[in-house]
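Coordinates in review
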Amino acid sequence: MSAVIDKIIKKLEEEKNKKGSLPQLLEFYQNLLRIESRLGTKIAPPKPRLTKKTINSRLEQGLPLLGFDDLALDRSLLQEIYTEVSNLFARYPALFSPAVEKLKELDPGGVIAPDTLKAWFEGARLPLATSLDESEEALLNNIILASIKPFLTSYAQVLLPLVNQERWRRGFCPICGGSPDFAFLDEERGARYLLCSRCDTEWLFQRLECPYCSTQDQNDLAYFTDETGTYRLYVCEHCQRYLKAIDLRQAQAETLLPLERIYTLDLDRQAQERGYLPHDKTTEIK
Ligand SMILES: [Zn+2]
Ligand SMILES: [Zn+2]
């Protein structure tokens, strides 16, 4: 993962040099990745205690490989990442105001307390969210995601090679249970892969099924493409959700998927203008 992060940082740097400056959102994103890259190298490679048998039986039952209790989080490192990440968000009031003002009052120890992180991981309401409004809570969820992401991706690197792609094919991440927020059609066959919104795991999924509500009713499923045929916007009339995708058979240069999320924000705007909803960030595991 860190290789991808470093490539994105470099690509944005080239873009900055060419144009003189970056749009604020991309500059923010580059700074966020710099924190994740620098502090992410301090994360010890995880050694999940999962036997081959447990892995197969979890996948067979449709359970992701990581539950919250399986995560060994170095709390002082997590606090260090959280502090840097939340300070970075605060440096961009034009992007995150006014919600970011309120979050400055939160005690970092409370945010990274195990019960808060567990609630976040399981998609429940955060215990300290009672004092926050909807946009403040959404922003806090994003800050927690950015802080814990380096840990989740380090697990994903170790665990994903153990997943049989053909046998999973579910609408949520086989590693962390997160929901997908991006997709791509692969270069070889145009097979559709989903990208986890939390740990960036890529997994194989049916082309003609909605990952969010599992409908396969073709009357409910459609997609729009841009004029180059590179990007797609999948929409579902059954659950009203949308999914952005890139067709790698059409893409010109090397594609850095996490960066495509940001490059395609205009697709989010178009989808939401048409009345579709973004993915539900929470895990699908009930
Ligand atoms: Zn995941
Ligand atoms: Zn749906």
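A few points about the coordination of the zinc ion (ligand 1)
- The protein atoms that coordinate the zinc ion (ligand 1) are Cys-173 (SG), Cys-176 (SG), Cys-196 (SG) and Cys-199 (SG), at distances spanning 2.3 to 2.4 Å.
- For the zinc ion (ligand 1), the four donor atoms are set out with angles of 100 to 118 degrees between them, so the coordination reads as tetrahedral.

As for the nonpolar core
- The biggest cluster of nonpolar side chains holds 68 residues, and the ones touching the most others in it are Leu-140 and Ile-175.
- In terms of residues, this core owes the most to one element, helix H9 (residues 134-159), which gives twelve residues.
- Mapping this core onto the domain boundaries places at least three of its residues in each of domain 1 (2-162) and domain 2 (165-273).
- Non-local contacts of Ile-175, meaning those with residues more than four positions away in its chain, are made with Pro-64, Leu-65, Leu-66, Ala-156, Leu-159, Leu-160, Val-163, Cys-199 and Thr-201.

What about the pairing of strand S1 (residues 180-185)?
- Here S1 lies mainly inside the structure; six of its six residues are buried.
- Where S1 meets strand S2 (residues 192-196), five bridges bridge the pair, whose relative direction is antiparallel. Pairing of Phe-182 across the sheet is with Leu-195, part of S2.
- Linking S1 to S2, which pair antiparallel, is a turn of six residues; within it Gly-190 sits at a positive phi near 75 degrees.
- As judged from the three bridges shared by S1 and strand S6 (residues 242-247), these two strands associate in the parallel manner. Following the sheet pairing, Leu-185 is matched in S6 by Asp-247.

Calculation notes
- Residues numbered from 1 in each chain as written.
- Chains lettered and ligands numbered in written order.
- Predicted model: local features only at pLDDT ≥ 70, side-chain atom pairs only at ≥ 80, totals over all residues.
- Heavy atoms only, no water.
- Donors = N, O, S within 2.8 Å, 3.2 Å for Na, K, Ca; no water.
- Tetrahedral: all angles 85-135°; square planar, octahedral: opposite > 155°, others 65-115°.
- Core = buried A, V, L, I, M, F, W, Y, C linked by side-chain atoms within 4.5 Å.
- Buried < 20%, exposed > 50% of the residue type's maximum accessible area, 1.4 Å probe, protein only.
- Helix = DSSP H or I, 4+ residues; strand = E, 2+ residues; numbered from the N terminus.
- Domains from an automatic or database assignment.
- Contact = heavy atoms within 4.5 Å.
- Pairing = 2+ DSSP bridges.

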